[in-house]
Structure formats: structure tokens, C-alpha cells
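Topology and contacts: notes
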Amino acid sequence: MTDTALPIQDYALLDDEECNARIIKAKEQLNGECIILGHHYQRNEVFQHADFSGDSLKLSRQAAQSQAKYIVFCGVHFMAEVADILSRPEQIAILPDMAAGCSMADMANKVKVQQCWDELATVLDVENAVTPITYINSAADLKAFCGSHEGIVCTSSNAEKILNWCFERREKVLFFPDQHLGRNTGVQMDIPLQHMVTWDFSKPMGGLSVEQIKQAKMILWKGHCSVHQAFRPEHIDEFKAKYPETKVISHPEACFEVCQKSDYIGSTENILKIVKEAEPDTRWLVATELNLVNRLHEACKDQGKNVHFMAPTLSMCSTMFRTDPQHLAWVLENLVAGHVVNQVSVSQEESALAKQALDNMLQAS
Ligand code: 13P
Ligand code: SF4
């Protein structure tokens with residue numbers, strides 16, 4: 001054990017190969033005390049070290065079931081928070097780079113959501129009429145808000161089941177922070193678009209009239225993912241003009257117009273499954289993050305499949321990209337040296353409420 005934690009500065013100039021060797025060695029030394037979870041958007045240099053990979057739902061289940069003392073989450077901040085909330089108290093969740101956030105999650109915060117709830121209460125019996133539902137891409141205090149109002153969390157792979165759970169209980173939902181996941185799932189459930197309204201959090205009463213709020217079944221927070229916003233319906237038209245046989249598959253964070261033109265809509269895990277299980281010699285246009293699409297192409301090219309990224313400009317999730325081999329080597333070697341760096345810890349009170357909303361989701365999905 002060293003007296004003080006090893007500083008990140010000592011790692012910044014190491015090359016990837018050296019980090020790779022040190023990560024492998026540190027994992028061996030930790031001897032099962034640590035698991036590494038890797039989201040599908042992680043770059044290869046990091047992803048190769050993951051003991052488990054998956055979408056947000058799969059990884060949150062993995063975190064809940066893990067026996068390891070340390071859960072190193074190669075993903076973004078809200079994912080490590082979920083790992084902390086769902087794991088046992090003596091387990092420790094670690095995020096290799098604390099700056100790895102999610103710009104969509106940042107589009108909703110507790111103050112604004114509470115203000116929205118209070119404003120809705122001026123026109124509705126809000127506690128009996130509205131279930132708050134937060135996409136897992138949100139801070140722990142918003143999950144706690146849902147827990148304290150008999151609400152729930154959803155992910156991109158269970159949103160329909162979770163919305164059904166909500167509508168069995170109350171007539172309306174307040175869905176945050178991603179309007180697109182809410183709208184695309186609502187449409188799949190045959191909810192008419194005119195029964196979905198967008199809550200503009202920068203305007204009083206969300207920019208909506210009393211009548212609009214009363215008639216709405218889904219109140220959608222005006223948040224979005226900047227990575228998935230880059231995909232446009234014209235990209236599909238242009239690509240299909242060249243290759244008409246193309247199958248299109250999109251993540252539900254892509255906008256309504258893109259999802260409407262897609263043959264399939266799915267979470268990151270489902271996108272991988274559908275394309276990998278498809279007939280050989282097929283062509284795919286995929287609307288999700290670049291690292292996943294590139295890896296999928298590599299995995300499928302021997303079957304004659306061609307997997308293409310939808311947007312003409314290459315957009316990757318810059319916050320997912322923050323986790324690099326240098327940070328991973330740094331957190332693991334510190335664990336070997338007896339130091340926990342970059343622990344993500346949610347307060348007990350917040351964690352208990354957020355867990356209610358997460359448990360509701362895990363039971364319902
Ligand atoms: P998944 O749950 O589909 O992996 O999505 C998480 C995410 O952040 C997509 O942008
Ligand atoms: Fe957040 Fe978008 Fe990155 Fe997913 S791709 S982690 S929603 S910023």
C-alpha cells in the first residue's frame with residue numbers, strides 16, 4: 001500500500017499499450033475483487049477490458065447482482081450512480097473520469113422538475129393523475145423524485161413496459177428528460193401525437209395552455225441527446241437512394257421522423273442483437289453512437305454484412321469518450337495500492353428513494 005493515492009498526472013502521458021498491460025496486471029492482482037462494466041459506447045481500448053458489457057438495463061442488473069467489492073463503471077456518471085444505489089452498502093462504485101457526464105441527463109434538474117410538478121398541480125390533481133417517469137439517463141435526485149411520488153425509472157429497452165405500468169395506475173405521465181424516447185415509445189403504443197405535449201422548461205407552465213395539459217396523456221420534457229440529434233430523415237433517404245435494400249435501425253433517442261423511417265427501433269443491446277442475428281449479406285444503416293456502429297461492422301463483416309453509421313459527420317459521445325485507458329489504469333492501480341479514487345456515492349436518503357423507483361422498474365421489466 002502506498003501512503004497517498006497515485007496522481008492521475010503520472011498516467012496522462014502513458015501510451016495506450018503500456019496502459020493496456022498495466023490494466024491487465026492490476027486486474028490480476030485484484031483477483032476478483034473488482035468487476036469492470038463497459039457500456040457499448042466505450043471505445044475499443046477500454047471496452048476490451050470489460051468483464052460485462054451491455055445497455056443501461058443490462059448493466060444496472062449486473063451491478064445489482066455483482067458480488068465484487070469494487071464496481072468500476074466504464075460509462076457515464078448516472079450509470080455509476082445506479083451501480084452505487086443498487087449494490088450492497090459495502091460495495092464501491094467507481095467512475096474512471098468524473099467528467100464523464102451525460103448532456104441529456106443535464107437537461108433536467110430537481111429544481112426545474114419540482115417547478116414543473118408544482119405548476120401541473122395548479123391545473124391537475126397531480127398526485128393522483130400523473131406518474132413521474134425518468135429515463136435512467138438522469139441524476140440520482142431525479143430518480144429519488146420519482147421514488148417519492150410513486151414513480152418509476154425506464155431505460156430504452158423497457159420504456160413500453162414501464163409506460164404500461166404507469167397507465168395501469170394513473171391517466172397521465174410526466175416523462176423526463178428525453179422527449180424522443182417518450183414520443184417514439186408512445187407512438188409505438190398507439191398513443192396519438194396530439195395526446196403528447198412537450199414541456200418547455202424555460203417557459204412558465206412549460207409553454208402550454210391549461211387545455212393542452214388537461215388533454216395530454218404524456219407530458220414530455222424538452223430534452224434530447226446531442227449525439228442522436230445528428231441523425232436526420234434525409235440521411236436515410238439519401239442512403240436508400242443509393243442502396244434501396246438497406247435496413248434501417250435506430251436508437252429511440254433519435255427524433256420521431258428518423259424513427260418513423262426506420263425498420264427497427266431498439267436499445268444499444270437490441271441493435272446489436274438484431275443486426276448480428278440478421279440474414280448474411282445484408283446492409284444496415286444505424287442511428288446510434290459511432291463506437292458501437294464501428295464495432296458492429298467489424299463483428300458482422302465476415303457474414304457479408306455492411307453496417308453503416310447514419311450521419312455524414314462522425315459523431316461520438318464525447319463524454320463516454322472521456323474514459324480512456326489512462327484513467328482506467330489509474331483507478332485500478334490505485335485499488336491495488338489500497339486507495340479508492342473517483343468513488344461515486346449517492347447520499348443514503350436520496351439512494352433509498354431512488355432505489356424505490358429503480359426497484360419498480362426492475363420488477364416491472
Ligand atoms: P442504452 O440503454 O440503449 O444503452 O442507451 C444509453 C444511452 O445513453 C444511449 O445514448
Ligand atoms: Fe448521454 Fe447521449 Fe452520450 Fe447517451 S449518447 S450518454 S444520452 S450524451
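Bear in mind the structure is a predicted one, so any value in this text is a computation, not a measurement.

Regarding the packing of aromatic side chains
Here a ring pair, both rings aromatic, is described through the centre-centre distance and the interplanar angle of the planes. Enumeration over the complete set of coordinates arrives at seven aromatic pairs. Ring centres of Phe201 and Trp221 lie 5.2 Å apart, and the angle between their planes is 15 degrees; on these two criteria the pair is classed as stacked. Linking Phe201 in the loop between strand 8 (196-199) and helix 10 (210-215) with Trp221 in strand 9 (residues 218-221), this pair joins segments that are 20 residues apart in sequence. What makes Phe201 partly exposed here is its relative accessible area of 22%. Arranged with centres 5.7 Å apart and planes meeting at 35 degrees, the rings of Tyr264 and Trp284 form a pair that is tilted. You can see Tyr264 sitting in strand 11 (residues 264-265) and its partner Trp284 sitting in strand 12 (residues 283-287), a full 20 residues away along the chain. According to the relative accessible area criterion, Tyr264 is partly exposed, its value standing at 32%. The class for Trp284 is buried, based on a relative accessible area of 2%. Through a chain of ring-to-ring contacts, the aromatic side chains of Trp117, Phe145, Phe176, Phe201 and Trp221 assemble into a single cluster. Positioned above the aromatic ring of Phe321 is the side chain of Arg43, whose terminal nitrogen or guanidinium carbon lies 3.7 Å from the ring centre.

Points about the nonpolar core
Grouped together as the largest cluster of nonpolar side chains are 105 residues, with contacts concentrated most on Leu120 and Ile133. At seven residues, helix 4 (residues 77-86) tops the list of elements feeding residues into this core. In this view, Ile133 contacts Cys146, Ile152, Cys154, Ile162, Leu163, Cys166, Val173, Leu174, Phe175 and Phe176; residues no more than four positions away in its chain are not counted. With 21 residues, the next largest nonpolar core counts Tyr11, Ile36, Cys74 and Ala329 among its residues.

Structural notes on the sheet that holds strand 13 (residues 306-309)
Taken in spatial order, the four strands of this open sheet run 11-10-12-13, and their pairing is parallel. One side of each edge strand has no neighbouring strand; the edge strands of this open sheet are strand 11 and strand 13. Bridging between strand 12 and strand 13 involves four bridges; their strand directions are parallel. Its bridge partner being in strand 13, Val286 is matched across the sheet by Phe309. Running at roughly 165 degrees to strand 12, helix 12 (residues 233-242) makes contact with strand 10 (247-250), strand 12 and strand 13 of the sheet. Packed onto the sheet, helix 14 (residues 268-277) meets strand 10, strand 11, strand 12 and strand 13 and runs at close to 160 degrees relative to strand 10.

Rules behind the numbers
Residues numbered from 1 in each chain as written. Chains lettered and ligands numbered in written order. Predicted model: local features only at pLDDT ≥ 70, side-chain atom pairs only at ≥ 80, totals over all residues. Heavy atoms only, no water. Phe/Tyr/Trp six-rings, centres within 6.5 Å; stacked < 30°, edge-to-face > 60°. Helix = DSSP H or I, 4+ residues; strand = E, 2+ residues; numbered from the N terminus. Buried < 20%, exposed > 50% of the residue type's maximum accessible area, 1.4 Å probe, protein only. Lys NZ or Arg CZ within 6 Å of the ring centre and 35° of its normal. Core = buried A, V, L, I, M, F, W, Y, C linked by side-chain atoms within 4.5 Å. Contact = heavy atoms within 4.5 Å. Pairing = 2+ DSSP bridges. Axes fitted to C-alpha atoms, helices over the stretch in contact; angles between N-to-C directions.

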